[in-house]
Amino acid sequence: MDEEFIKKQIRDVMDFPIKGIVFKDITTLLKNADALQSVVQELYERYKDKGITKVVGIESRGFVMASILAYKLKAGFVPIRKPGKLPALTWSESYDNEYGRDTIEIHQDAISTDDVVLLHDDVLATGGTMLAAYRLLGHSAPRCIYVNFLVELEALGGRKAFPSGLEVDSLIKC
Ligand code: AMP
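Draft legend 1. Region of the structure containing the pattern of salt bridges. Under the definition given, this model contains 14 salt bridges. Its salt-bridge partner being Arg11, residue Asp25 comes within 2.8 Å of it at the nearest N-O pair. Here Arg11 lies in strand 1 (residues 11-14) and Asp25 lies in strand 2 (residues 22-25), a separation of 14 residues in the sequence. You can call Asp25 buried: its relative accessible area is 10%. When the shortest N-O distance is used, the salt bridge between Glu167 and Lys50 registers 3.2 Å. Of this pair, Glu167 sits in strand 9 (residues 167-173) while Lys50 sits in the loop between helix 3 (33-47) and strand 3 (54-58), and the two are 117 residues apart along the sequence. For Glu167, a relative accessible area of 37% gives the class partly exposed. Given the relative accessible area of 28%, Lys50 is considered partly exposed. Salt bridges sharing common partners tie together Glu42, Arg46 and Asp169.

Draft legend 2. Geometry of unusual backbone geometry. The omega angle of the peptide bond from Phe16 to Pro17 is 0 degrees, so this bond is cis rather than trans. For Pro17, the location among the structural elements is in the loop between strand 1 and strand 2. Cis peptide bonds are those with omega within 30 degrees of zero, and the linkage from Glu59 to Ser60 qualifies with -15 degrees. As for its position among the elements, Ser60 is in the loop between strand 3 and helix 4 (61-72). Unusually for a residue other than glycine, Asp15 sits at a positive phi of about 55 degrees. Along the polypeptide, Asp15 turns up in the loop between strand 1 and strand 2. Phi is positive for Ala141, which is not a glycine, with a value near 45 degrees.

Here is what the cut-offs are and how they apply
What you see as residue numbers is a count from 1 along each chain, following the sequence as written. Given that this is a predicted model, residues contribute local features only at a pLDDT of at least 70 and side-chain atom pairs are listed and counted only at 80 or more, while totals for whole chains, interfaces and linings are drawn from all residues. Neither water nor hydrogens contribute to the side-chain values; these are computed over all heavy atoms in the structure. The working definition used for a salt bridge is a side-chain nitrogen of Lys or Arg within 4 Å of a carboxyl oxygen of Asp or Glu. Helical segments are the DSSP runs of H or I of at least four residues, strand segments are the runs of E of at least two, and each set is numbered from the N terminus. Summary of the burial criterion: residues with accessible area below 20% of their type's maximum are buried, those above 50% are exposed, and those between are partly exposed, where the area comes from a 1.4 Å probe applied to protein chains only.

Take a look at the structure:
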């Protein structure tokens with residue numbers, strides 16, 4: 001993967017959704033066929049030998065790559081969603097993010113103890129969202145958990161939020 005090429009496909013949008021935030025817009029990457037192929041292939045190579053059985057995507061931008069990867073890895077796809085969106089019994093977790101406080105949910109029967117899970121989201125900022133997702137998986141106690149982001153905002157130090165020993169990976173560091 002040509003990191004510089006991929007980096008150039010991610011658009012910075014100033015002051016979105018609130019003043020002071022530089023929003024990393026991945027829609028410009030997703031619409032570029034060459035960039036999309038390259039990113040999917042790179043992620044596939046990184047995880048193809050890990051025995052992943054479920055790819056879990058975080059609403060909503062995390063759904064895109066998580067679904068494509070699940071298909072490529074011949075794994076299942078599981079959504080983590082905002083409160084009240086999932087129809088069956090859920091586990092919930094609240095957390096602080098860059099913009100305020102939020103809650104995410106997963107179906108209680110989505111993951112089993114046999115699963116090897118890849119948790120995916122588009123951007124790592126403070127790490128609050130992904131840490132909440134990781135905690136949600138704690139209810140189901142899968143065999144192994146890997147964490148992946150397309151973009152890591154290194155200056156925010158979100159990586160430090162995770163327990164040592166957890167494999168946290170990002171494609172592009174900004
Ligand atoms: P955090 O919990 O602080 O790591 O924030 C990560 C979540 O918020 C991800 O779901 C991202 O999609 C979104 N997010 C936070 N900051 C940004 C940003 N600067 N650009 C794009 N998405 C962001």
